Amino acid sequence: MQMAPSSTQDMDSIPVIDISPFIHRTAGSDAVVKAIEAACRETGFFLITGHGVSTEVTARLYNLARDFFDEPQEWKKQQGRGTSLKGGVAFSPIADEALSATLGIKTPGDYKESLNFGPRLPGDVWPTVPQGLQAAFSAYFAEMEMLAGHLRRAFCQAIGLAPDYFEPAFADHLSALRVINYPEQQESPLPGQLRAGVHTDYGFMTILRSEASPGGLQVRRRDGEWLDAPNVEGAYVVNIADAFMRWTNDEWLSTPHRVANPPGDFKGTTRRQSIPFFVNPSKETLIECLPPFAAKAPAKYTPITYGDYIALKTSQAFSKS
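The structure reproduced in this document is the subject of the present report. Remember, predicted model here, so these are calculated numbers, not experimental data.

**A short note on helix H3 (residues 55-69)**
Residues lying three or four places apart along an α-helix face the same way, a consequence of the helix completing one turn every 3.6 residues. End to end, H3 covers 21 Å across 15 residues, agreeing with the expected 21 Å (1.5 Å per residue, within 8%). Residues Val57, Thr58, Leu61, Tyr62, Leu64, Ala65, Phe68 and Phe69 constitute the buried set of H3.

Here is the structure:
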């Protein structure tokens, strides 16, 4: 099911790229970078294999999070609701969030629940059940930090920057790890309700571990059609987010996406669990047009810190006017 890097030229599909030659500096490394650049310009989405992420660490987080989600709803709603502990856990119950609101679209709450963690983000005391949940989040977070570093270096090569250009921006990064549970839909969803409404991500990029199930990730093409993300065992979905698109003067795309409901006539299990890692720079990082893009066209945006940018995006998305 793996496609060669040259296949990224097909704008009707989301490419699958084996990044191991880039990570290990073997033959084909430059082709990997070219494939990533083409995907970032054409769809803003691509899948990666050959990433080296530990399957054991991934499975441990997946299984322990699933154990948490299997606990009674009333107990779960008592967990992770405070914000006094940096590096604590946050829990979002079913329909607590409506992602389409970030694009000014009013819908019912999304049919999902999630656990959220970031070492520099506010949260609450970790639950004692299941045992080992905090350690599993921390171990997987470390794996994602390593993978994000590889991808940032690939982006630098594609753009024409020094390999470590972005690293100062991520010294105190505000990245977040989330495990999302999309439960069985025992009843028909409300009008306009999806597993996750249409949205773009705010930060630098997102690295998603997903699984095959009815009702999955869909990406909106430039012509408005929705494209199902392919399911490749062990692969990660990577997408460019809003702040990075702004950094590239809108040449690289932050593409709207959503998680669809399963078909109403499907008879098997439709439960789904995904693990997105939201790669975000530090609050003080200045988001301004990168030199290679500024050399080609005037900057579309004035420089702004990442902290102010997030505040601006939030106020725009939730404006009453």
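Structure shown, so let's carry the discussion forward.
**Concerning the pattern of salt bridges**
In total, this model carries eight salt bridges according to the counting rule given. Taking the shortest distance from any N to any O, the salt bridge between Glu113 and Lys76 comes out at 3.0 Å. Note that Glu113 is positioned in strand E5 (residues 113-117) and Lys76 in helix H4 (residues 73-76), a separation of 37 residues in sequence. When the shortest N-O distance is used, the salt bridge between Glu251 and Lys296 registers 3.0 Å. Note that Glu251 is positioned in the loop between helix H6 (242-247) and strand E13 (257-259) and Lys296 in the loop between helix H7 (291-294) and strand E16 (304-305), a separation of 45 residues in sequence. Salt bridges sharing partners connect three or more residues here, namely Glu37, Arg41, Glu251 and Lys296.

**Quick word on the pairing of strand E10 (residues 217-220)**
Looking at chain direction, E10 and E13 are connected through three bridges and run antiparallel. Counted as the bridge partner of Leu217 is Val259 from E13. Of the strand pairs in this sheet, E10 and strand E11 (residues 226-228) are connected by three bridges, and their pairing is antiparallel. Pairing of Arg220 across the sheet is with Trp226, part of E11. Where E10 folds back on E11, the antiparallel hairpin that results is connected by five residues, among which Gly224 adopts a positive phi of roughly 95 degrees.

**Quick word on empty space enclosed by the protein**
Overall, the coordinates contain two cavities of 30 Å³ or more when judged by the stated rule. By volume, the largest cavity amounts to about 40 Å³. Along its surface, the largest cavity is lined by Ile14, Thr43, Val219, Arg220, Arg221, Leu227 and Thr255. Tallied by class, residues from the lining of the largest cavity come to three nonpolar, two polar and two charged. The computed volume of the second largest cavity comes to approximately 30 Å³.

Cut-offs used in this document
- Residues numbered from 1 in each chain as written.
- Predicted model: local features only at pLDDT ≥ 70, side-chain atom pairs only at ≥ 80, totals over all residues.
- Heavy atoms only, no water.
- Helix = DSSP H or I, 4+ residues; strand = E, 2+ residues; numbered from the N terminus.
- Expected span 1.5 Å × (residues − 1).
- Buried < 20%, exposed > 50% of the residue type's maximum accessible area, 1.4 Å probe, protein only.
- Salt bridge = Lys/Arg side-chain N within 4 Å of Asp/Glu carboxyl O.
- Pairing = 2+ DSSP bridges.
- 1 Å grid on protein atoms, 1.4 Å probe; cavity = no way out; pocket = protein on both sides within 12 Å on 5 of 7 lines; lining within 4 Å.
- Points joined across faces, edges and corners; volume = space filled by probe spheres on them.
- Nonpolar A, V, L, I, M, F, W, Y, C, P; charged D, E, K, R; others polar.

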